[in-house]
Amino acid sequence: MSEKSGLHSKWMLLIVACMAALYILIMGILLFVSGRTPSMYYQYNLVPFETIRPLLMERERYNTDTWVKNLFGNIVLFIPLGIWIPWLFRRCRTFLTFTSTVVLLLLCVEVTQLITRVGSFDVDDIILNTIGAWIGYAGFKLILCSLRRTRN
């Protein structure tokens, strides 16, 4: 099976594009609608690791639910981004281009949350979300390698 026939067959691209659209819809609801009401105040964190550090170093101060949602939730929810972006957009297959695209996309999400006052702008969210996307990207690269190996 070649990369073209496996990775970019018409049906595979359709399936991945539909999954990406569903993912965008779900993430839009999670980030901007579900349980979120606009605040009167702008909430933001511009200091890297300001919210991550206490969660890691002072874990006993937080209940497990808060800890898991803030750290692992921000990572796990963005793993699919790392798979479908390079799958659908060939230009985003190099690590630097992929990372730049992801950070720009996440920056847009965070700024939108700040402007709409639904959620907050947090540079730590961008860091954790990017880590999640990198995990997905690594998975995509493994899929790509596997397809290339079966082709040879």
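Owing to the predicted nature of the structure, the values given are computational and were not obtained by experimental measurement. (Residues numbered from 1 in each chain as written. Predicted model: local features only at pLDDT ≥ 70, side-chain atom pairs only at ≥ 80, totals over all residues. Heavy atoms only, no water.)

Draft legend 1. Summary view of the confidence of the model for the chain. Per-chain confidence: the chain averages 90 in pLDDT, with 95% of residues scoring 70 or above. Mean pLDDT values for the elements of the chain range from 57 in helix 1 (residues 3-7) up to 96 in helix 6 (residues 95-116). (pLDDT = per-residue confidence, 0-100. Helix = DSSP H or I, 4+ residues; strand = E, 2+ residues; numbered from the N terminus.)

Draft legend 2. Layout of the UniProt feature "domain: VanZ-like" (unreviewed entry) in the chain. The UniProt record annotates "domain: VanZ-like" (unreviewed entry) at residues 22-143. Annotated as residues 22-143, this span is 68% helix and 3% strand, and its ends, taken at the C-alpha atoms, are 21 Å apart. (UniProt positions renumbered as here; feature names shortened; annotations may be inferred.)

Draft legend 3. Representation of the pattern of salt bridges. According to the stated counting rule, one finds two salt bridges in the structure shown. Arg61 is paired through a salt bridge with Glu58; the nearest N and O atoms lie 2.2 Å apart. Under the relative-accessibility criterion, Glu58 is labelled partly exposed at 29%. Asp65 serves as the salt-bridge partner of Lys69, at 3.4 Å between the closest nitrogen and oxygen. (Salt bridge = Lys/Arg side-chain N within 4 Å of Asp/Glu carboxyl O. Buried < 20%, exposed > 50% of the residue type's maximum accessible area, 1.4 Å probe, protein only.)

Draft legend 4. How the structure looks around the environment of Ala17. Along the chain, Ala17 turns up in helix 2 (residues 10-32). On the accessibility criterion, Ala17 (33% relative accessible area) is partly exposed. Separated by 91 residues in the primary sequence, Ala17 and Cys108 have C-alpha atoms spaced 21 Å apart.

Draft legend 5. Spotlight on the UniProt feature "transmembrane region" (unreviewed entry) in the chain. Under the feature "transmembrane region" (unreviewed entry), the UniProt entry names residues 12-33, 71-89, 96-115 and 127-147. With 84% helix and 0% strand, residues 71-89 has its two end C-alpha atoms placed 28 Å apart. Taken as a whole, residues 96-115 contains 100% helix and 0% strand, while its terminal C-alpha atoms sit 28 Å from one another.

Draft legend 6. Summary view of the state of the cysteines. Tallying each qualifying case throughout the model produces zero disulfides. The structure places no disulfide on Cys18, whose sulfur is separated from the nearest cysteine sulfur, that of Cys92, by 20 Å. Cys92 supplies the cysteine sulfur nearest to Cys145, a cysteine that is in no disulfide, at a spacing of 19 Å. (Disulfide = S-S within 2.5 Å.)

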